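Residue strings, one per chain:
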Amino acid sequence: MSTAYTQLHRDVLINADLWDSAPRIVAADWGFEGIMGIPGLTSADDLALAIQAGAGVNLDYAALDPDPPLRNLTSGGSPAGIVAGGFGAPTLFADALPIEFSWPLLPSTVLPTDFRIILNSGEEVTPQVAALNPNFDHNERHVVVLFGEFGNRLLPGQPGAVYPVSVRIADDGTPLMAVGPDGPVSLVGMTAQSRNPFVTGPAIVGARLTRMSAVGDFAPEALGSAGANDGMTLYGADAQYRLRLFTNGGFSPDGVSGILPSEFARYFRLKATDAAGATVTIDRTGVTYDLGVGTLQVVGLAELGQPLTAIANESAYYVEDHDNYVDIVLKGDAAAVARLFQVEIPTSATAGYNDLYTPGGPGRTPTAGVTYTAPAAAQSFPVSVSLDSLGTVNYAVQSLAAYDQDAGLPVVFRLYNPGTQDHFYTTSSAEAVEAVAGGYQEEGVPFSAESGTPGLVDVLRLYNPVTGDHLYTTSTAERDALVASGSGYRYEGVGFQAYGTPQEGAAAVHRYYSDEAVDHFYTTSLAEGSASGYRYEGVAWYAADFLAADTAITVLTGRDGPDVFRYDAPVEGGDTIIGFQLGEDRIEVSGAGFGGLAPGALAADRFALDTPVDGDDRFVFDTATGVLSYHLHGADAGASMALATLTGVRTLVAGAIVVV
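Residues numbered from 1 in each chain as written. Predicted model: local features only at pLDDT ≥ 70, side-chain atom pairs only at ≥ 80, totals over all residues. Heavy atoms only, no water.

Student: So what's going on with the overall build of the chain? Residues and values would help.
Tutor: Counting its secondary structure elements, the chain contains 11 helices and 43 strands. Its C-alpha radius of gyration of 27 Å places the chain within 12% of the 26 Å reference for a compact globule of 660 residues. Oriented by its inertia axes, the alpha-carbon framework of the chain measures out at about 75 × 60 × 55 Å. In the chain, of all internal contacts separated by at least 6 residues, the share reaching a separation of at least 24 is 71%. Carbon and sulfur atoms make up 52% of the accessible area of the chain, which amounts to about 24400 Å² in all. (Helix = DSSP H or I, 4+ residues; strand = E, 2+ residues; numbered from the N terminus. Rg over C-alpha atoms; globule rule 2.2 N^0.38 Å. Contact = heavy atoms within 4.5 Å. Areas by Shrake-Rupley, 256 points an atom, 1.4 Å probe, with all protein chains shown as cover.)

What follows is the structure, given as structure tokens:
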């Protein structure tokens, strides 16, 4: 598999929107036909191949010198590009069907076998490949794009027309999961109707207004070549609010070209209510609108590409991400911004506006006789205002074994060496594995390592080989003073990046120190820091918090001596247990709360490793991930629930579970 495929399957979500109070399929409309995987399509010289496949093209841009990016010349893709984009395998002349969800998806569970496309003939089709590309930033990940054979370009009602009519999430043994406020949930069994793109154009399916946050707005390293495109990168301090539009197929002026950040007035307008109850139309950037309770202004668009550079023919060269999100960036008074209630797409039927297409559109130079996808209809969509809460979720799988071995991950691993009493933090899973082999214990994944957005600072790493203490600071002055003072600390380089000042969507990471242990300790939890007996030294930096209460991950830490972790019912589970010592610590469960189990040490026939063997197995321990789960009916069909993740534990026995 490609590096992009591996990185797209890491179970990390940072500040991702929750578009609804429950998980659902927001849209599952067929995107376009026959243009994903065109052999030989590698440069502007190959556009005849794209035309032959029925892809939209911009032949006028192709005549420019130097050549614009190939994606700006055609929406068709090459087989090699599909593999490089993280889809897992090449396709040939495949169709595309994006499925949008209200909650972000758990990346490791995204597989083509999760989906069934039901055609108008009644046939069920499994896609060839599936990926979170191009919606791959860590604060996105609501959209799975499927490639496969789903239909033809004949319109419904025409003889021989084949097209999708609905989509179903299938049970493939590894269920597709979404992540909400209480952690991952299965999406198996969900269905949605599928619209035909040659009849109905793209649409807005969500519009959330929040305060501006760029936390998590960066891509995996293998897919980050387009650079930062968030509102703060483009507009700095003027980016105070973000109206994020969620679309069912991506927006393009012609099916090939990208939208520019300066083109709000070409495609969108907003409606607000002023203090007198009158409707105010907001249709220009840089204009101050007075609503009687304050003013607001549209600054521009974001989540497209990097800032404009004012070069000739910029639309031909502008690198846009072509994903399912567009941000309308605003500034002004919160009372005025909160009065926005509607976003509209007028289309070319209204003077001064242009049409929008999916990537199956005609391009700037369409080919006569080819059927392309339809333009968007004029539409409006209500704005969901959430200025008091971002309404987002963070999630990171807590077991080191669940990560590929690499450096520079978007998460920080926390480890502890009981021999030297040192806490160690690293974004390198490979380095963390080495540390565990050298005597460190896993203590989970507490917070993010950010990348690419404004306001980031380097977190500097120092180590004292005499005391065995790792120290982390964002202060170059502190680093220089420690290194020069003969304190014994030596500088080991930049550990990772974090925010140096408070940010929407980021939590304070607190710094503690123990004179007795000679150990620096960093945590987002003041309660954990106070319980540690360490001395508080202030806020070290700011990052996304993976252990906050609203992620439903409770961290329980074992200490010296026997520890007991008690559960009265399966619904109390979902914890991460750090420092569990097999043979010393135990998990207690209520016999009544767990189906009437007999008291005492759990019977061996009620326990299994990795998978339940028969209908009697109630507790199953996954030796790869450290997850202990409860199965109501054992190997038989029925409910199962993750009880706890035993961080760093790779085997368990029935006797470690005691029924009371």
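Student: Describe unusual backbone geometry, and please don't skip the residues or the numbers.
Tutor: A cis amide bond links Asp65 with the next residue in sequence, Pro66, at an omega value of 5°. Structurally, Pro66 is set in the loop between helix 3 (59-62) and helix 4 (79-84). Look at the link from Asn133 to Pro134: it is a cis peptide, with omega at 10°. Structurally, Pro134 can be placed in the loop between strand 7 (129-131) and strand 8 (143-148). The phi dihedral of Phe93 falls on the positive side, at around 50°, and the residue is not glycine. For Phe93, the position within the fold is in the loop between helix 4 and strand 4 (94-101). A positive phi angle is found at His322, which is not glycine, with a value near 55°.

Student: Would you mind going over the packing of aromatic side chains in detail, with residue names and values included?
Tutor: Per the counting criterion, the structure on display carries 23 aromatic pairs. Taking 5.1 Å as the distance between ring centres and 90° as the angle between the ring planes, the aromatic pair formed by Tyr403 and Phe413 counts as edge-to-face. Here Tyr403, found in the loop between strand 23 (392-396) and strand 24 (411-417), pairs with Phe413, found in strand 24; they are 10 residues apart in sequence, far enough to count as distant. The pair Tyr403 / Phe413 is uniform in exposure class, with both members buried. One aromatic cluster is present, formed by Tyr425, Phe447, Tyr472, Phe496, Tyr522 and Trp541 through successive ring pairs. (Phe/Tyr/Trp six-rings, centres within 6.5 Å; stacked < 30°, edge-to-face > 60°. Buried < 20%, exposed > 50% of the residue type's maximum accessible area, 1.4 Å probe, protein only.)

Student: Please set out the sheet that holds strand 19 (residues 325-332) residue by residue, giving values where relevant.
Tutor: Taking strand neighbours across the sheet as the criterion, the 6 strands line up as 17-18-19-14-13-22 in an open arrangement whose pairing is mixed. In the strand order of this sheet, the two ends are held by strand 17 (289-290) and strand 22 (384-385), each with one partner. As defined by bridge partners, strand 14 (residues 241-247) adjoins strand 19 across 6 bridges and the pair is classed as antiparallel. The residue bridging Arg242 from the neighbouring strand is Val329, located in strand 19. (Pairing = 2+ DSSP bridges.)

Student: Break down the pattern of salt bridges for me, with residues and values.
Tutor: Counted by the stated rule, this structure contains 30 salt bridges. One salt bridge in this structure joins Asp327 and Arg244, with 2.7 Å as the shortest N-O distance. In this pair, Asp327 sits in strand 19 while Arg244 sits in strand 14, placing the two residues 83 residues apart along the sequence. The same class applies to Asp327 as to Arg244, namely buried. Across the pair Arg461 and Glu492 runs a salt bridge whose closest N-O atoms are separated by 2.8 Å. In this pair, Arg461 sits in strand 28 (residues 456-464) while Glu492 sits in strand 30 (residues 490-499), placing the two residues 31 residues apart along the sequence. Exposure remark for Arg461: the relative accessible area of 14% places this residue in the buried category. Assessed through its relative accessible area of 34%, Glu492 is described here as partly exposed. Each of Asp17, Arg208, Asp217, Arg242, Arg244, Glu303 and Asp327 takes part in salt bridges that share partners, so that together they form one network. (Salt bridge = Lys/Arg side-chain N within 4 Å of Asp/Glu carboxyl O.)

Student: An account of a nonpolar patch on the surface is needed here, citing residue identities and associated values.
Tutor: Among the surface-exposed residues, Val483, Tyr491 and Val494 lie close enough to one another that they form a single nonpolar patch of about 240 Å² accessible area. Along the chain, the position of Val483 falls in helix 10 (residues 476-484). Taking the relative accessible area as the measure of exposure, Val483 reaches 41% and is therefore partly exposed. (Patch = residues over 30% accessible without salt bridge, like charges linked within 9 Å, V, L, I, M, F, W, Y side chains within 5 Å.)

Student: Tell me what's going on with the environment of Ala517, and back it up with residues and numbers.
Tutor: Within the fold, Ala517 resides in the loop between strand 31 (507-514) and strand 32 (519-523). Counting along the chain gives 110 residues from Ala517 to Val627, while the straight-line C-alpha distance between them is 31 Å. With residues up to four places along the chain from it excluded, the contact list for Ala517 reads Thr420, Gln421 and Tyr534.

Student: Please provide a residue-by-residue account of the pairing of strand 31, values included.
Tutor: Counted residue by residue, strand 31 has 7 buried out of 8 residues, so it is predominantly covered. Alignment of strand 31 against strand 33 (residues 535-543), held across 7 bridges, turns out to be antiparallel. Considered in strand 33, the bridge of Arg511 is made with Gly538. Where strand 31 meets strand 32, 5 bridges bridge the pair, whose relative direction is antiparallel. What sits directly across from Tyr513, in strand 32, is His520. Between strand 31 and strand 32, which pair antiparallel in sequence order, lie 4 residues; one of them, Val518, sits at a positive phi of approximately 50°.

Student: Please give an account of the sheet that holds strand 12 (residues 191-193) that cites residues and values.
Tutor: With respect to topology, 4 strands assemble into an open sheet ordered 6-5-9-12, the strand pairing being antiparallel. Taken across any chain shown, the strands that pair with only one partner, and hence form the sheet edges, are strand 6 (124-125) and strand 12. With 3 bridges connecting them, strand 9 (residues 164-169) and strand 12 associate as antiparallel partners. Residue Arg168 lies in a different strand from strand 12, and its bridge partner there is Thr191.

Student: Please set out the pairing of strand 19 residue by residue, giving values where relevant.
Tutor: Burial within strand 19 is extensive, with 6 of its 8 residues counted as buried. By the bridge criterion, 6 bridges tie strand 18 (residues 295-302) to strand 19 in an arrangement that is antiparallel. Paired with Ala302 across the two strands is Asp327, which belongs to strand 19.

Student: With reference to specific residues and values, describe helix 9 (residues 429-437).
Tutor: Residues spaced three or four apart along an α-helix point in a common direction, a consequence of the helix completing one turn every 3.6 residues. Within helix 9, burial applies to Ser429, Ala432 and Ala435. Seen along its axis, helix 9 keeps its buried residues to an arc of 115°; they face one direction. Along helix 9, the residues that are exposed and aim more than 90 degrees away from the buried face are Glu434 and Ala437. Positive backbone phi, approximately 115°, marks Gly439, located one or two places after helix 9. (Arc of directions from axis to C-beta.)

Student: Just give me the short version of the environment of Val298, but keep the residues and values in it.
Tutor: Assignment of secondary structure puts Val298 in strand 18. The contacts of Val298, once residues within four sequence positions are left out, are Phe264, Leu270, Ile282, Arg284, Thr285, Gly286, Val287, Ile328, Val329 and Leu330.

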